[in-house]
Amino acid sequence: MMAEEKVKKQMDFREVSTCEATIQMLQKAASEGFETAFQRAADMKACPIGADSACCKHCFMGPCRLNPKDPYAKVGVCGATIDTIAARNFARMVASGCAAHTDHGMSMLDLFREVVHGKISDYQIKDEEKLRNVAASIDIEVVGRETMEIAKDLYQELERTYTQVEGEIPFAKRVPAKTLETWRKLGIVPRGAMREIMEIMHRSHMGVDQDYENIVKQCSRTALADGWGGSMVATEISDILFGTPKPLVAGVNMGFLKEEAVNIIVHGHEPNLFESMIASANDPANIEKAKAIGAAGINLLGMCCSGAEVLGRHGVPHAGNFMSTEAVIATGAVDAMAVDVQCIMQALAKMSECYGTKFFTTNPRAKIHGAMHIEFHEHTPRACTDKVVEMAIERFQNRPGRVVIPQRRDMGIHGFSHEYVNYMLGGSFRGSYKPLNDNIINGRIRGVAGVVGCTNPRVRQDYVHVELVKELIRNNVLVVQTGCSQIALAKAGLCKPDAAVLAGDGLREVCETVGMPPVLSLGSCVDNTRILIACAEMVRVGGLGESIADLPVAGAAPEYMSEKAISIGQYFVASGVYTIFGVTFPTIEGTKFHNLLFNGLEELGCGKWDFAVEPHEMARKMIAHIDKKREALGIMGKKERKLFSMEDRRAMDAM
Ligand code: XCC
């Protein structure tokens, strides 16, 4: 009877994930008595008051809880209304998300400074052309100057992204004029990230800003310091130091683990750790050590955003997205997992202990109880990564249990930078977004959607991402992707050119002509800035309006879980993009604060927030928005233009 009850309680992992490899490993872990976030989420009902952002714990007269079903019935002890409470909570999510991305960007900039001043030799400037282009984009003189001279100026200029107390951040120069004019009118052009984050934390303190509209202004300003500031610095400097991605064929899924090799996974966000790990894993001396104990070699894989970056940049295989990070340990094949910052579940330490995986933290900002800390120093990076390799080899020699590797490998094309899209569409001599704009105007491509973000145990892993993207491309919407979302689509086989068969006729024709997949993977979450740059370029090329808010584009994070996603969403909305989230949204429908985010901001010339859980509903809403923008541009239902019609040619000849 007892045993029967236990069987009944066992979770059906097919209900919580569509990733075959993850399901197999979740079943294995459960049968061995180990729990994961999927079980913990099922056991822990999300707090309904917190989910609606109707509680305030910003002071100790509370915590105060309002009633989400009747939000204006009560106020907090200080008199704070639901609008103030929810706006302040939202502001602190933006602050945290922005801080995460900008601190990551700052690390890249620190590294760049040391490289430029010759204090670091393990990293170099790999992409001089990108360096010159980035410098020129913010008005640094590049003609006839030495690379290092330009690099020094670029460092000085980009430092302002963080430290400037007055004026506009450097990359504001890349914002389309009309969008920038809207920001100036609203007073939301960021000064420097540190200042914006400091101010938002101050204003959301008890007894300061208690006007939700004013709080939202600072949310936008802070989020823009992320998107057009810290995140953009992270992307651009990473490209300069490690190379701008170009499309390459690479693989995703747990089948890339090798039973006969020493397997090392890098998980987190900052590419400097991964770059050094690549050097360590390829060092002949280390390979020799692995072979000496009977291993076939050293096998390196990525996870989450760290993995997404090197997947596109170097073709390093990717083992899985956020909700697979515990499951992959259950293979027993992971000899070491090295992590740095962000999206690292504390439970990984326990899971690693269960399977004998060596689990290392490497960043002084992120230590975890139960993990071994080997600090990564960018001046001597190999000291850390060689040690991880050494410990992984040791673990291979003493693997404690059975190794089971799900045999799923999914190949696709990754690494579509903004620069490559420009080249791909226009060729090397006339690289341009004009063919993209033309195809949007003539209706072959209905619009462009960014589908990004996390996976979350409160929704079926990968399901919403994949169904949403399928529906979008079926309706001729070109999809660009970053982060864990692109891994979901790569596993579903949509990052291959032959996935064009799933696209509508128009998009399919464009994909087949160019030889590209209908789903373009752009990298990690800081690489969402590639989407901002693409939007700015679409405006600059012309024919699709004067500001980002005019473009037939939309964004979605259908399975998000992190505060970083809220900051990303807010910077897209403030930039003019319709942005829809799934899972849950921290507002109460019908409140003034909710209405401002979901409608009011659009009236001010920005984009707007929206929410849906079901993927087809989400796609319908995104397409409706794209059509609304097409209508406003006068290109709705526009018939295909014949660019080189023989009929026209004959008519011309006859003249
Ligand atoms: Fe984290 Fe960036 Fe989300 Fe994935 S998508 S769960 S934030 S790793 Ni960026």
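The structure displayed is predicted, hence computed values, not measured ones. (Residues numbered from 1 in each chain as written. Predicted model: local features only at pLDDT ≥ 70, side-chain atom pairs only at ≥ 80, totals over all residues. Heavy atoms only, no water.)

Draft legend 1. The arrangement of the side chain of H267 in detail. Residue position: H267 is located in strand β4 (residues 262-267). On the basis of relative accessibility, which here comes to 0%, the residue H267 falls in the buried class. At a separation of 3.2 Å, a polar atom in the side chain of H267 contacts the main-chain carbonyl oxygen of C343. (Helix = DSSP H or I, 4+ residues; strand = E, 2+ residues; numbered from the N terminus. Buried < 20%, exposed > 50% of the residue type's maximum accessible area, 1.4 Å probe, protein only. Polar contact = N/O pair within 3.5 Å; in protein donor to acceptor, adjacent residues only side chain to side chain.)

Draft legend 2. Fine view of the packing of aromatic side chains. In total, this model carries 14 aromatic pairs according to the counting rule given. Arranged with centres 4.5 Å apart and planes meeting at 55°, the rings of Y560 and F581 form a pair that is tilted. You can see Y560 sitting in the loop between β14 (553-557) and α23 (563-575) and its partner F581 sitting in strand β15 (residues 578-581), a full 21 residues away along the chain. Of the two residues examined, Y560 and F581, each falls in the buried class. Ring pairs connect the aromatic residues F90, Y560, F581, F585, F593, F598 and W609, which therefore count as one cluster. (Phe/Tyr/Trp six-rings, centres within 6.5 Å; stacked < 30°, edge-to-face > 60°.)

Draft legend 3. Examining the site of the ligand more closely. Contacts to the ligand come from H269, C304, C305, F322, C343, G453, C454, C484, C525, M561, S562 and K564. Partitioning the shell around the ligand into residue classes produces 8 nonpolar, 3 polar and 1 charged. (Near = heavy atom within 4 Å. Nonpolar A, V, L, I, M, F, W, Y, C, P; charged D, E, K, R; others polar.)

Draft legend 4. Local environment of the pattern of salt bridges. Taken as a whole and assessed by the stated rule, the structure comprises 43 salt bridges. The partner of R203 in a salt bridge is E199, and the shortest N-O contact between them spans 2.7 Å. Of this pair, R203 and E199 both sit in helix α9 (residues 193-203), separated by 4 residues, roughly a single helical turn. We note that R203, like E199, is buried. Connected through shared salt-bridge partners, K130, R174, E236, D239, E309, R313, E419, D527 and R530 make up one network. (Salt bridge = Lys/Arg side-chain N within 4 Å of Asp/Glu carboxyl O.)

Function cannot be read off these values alone, since they describe shape.
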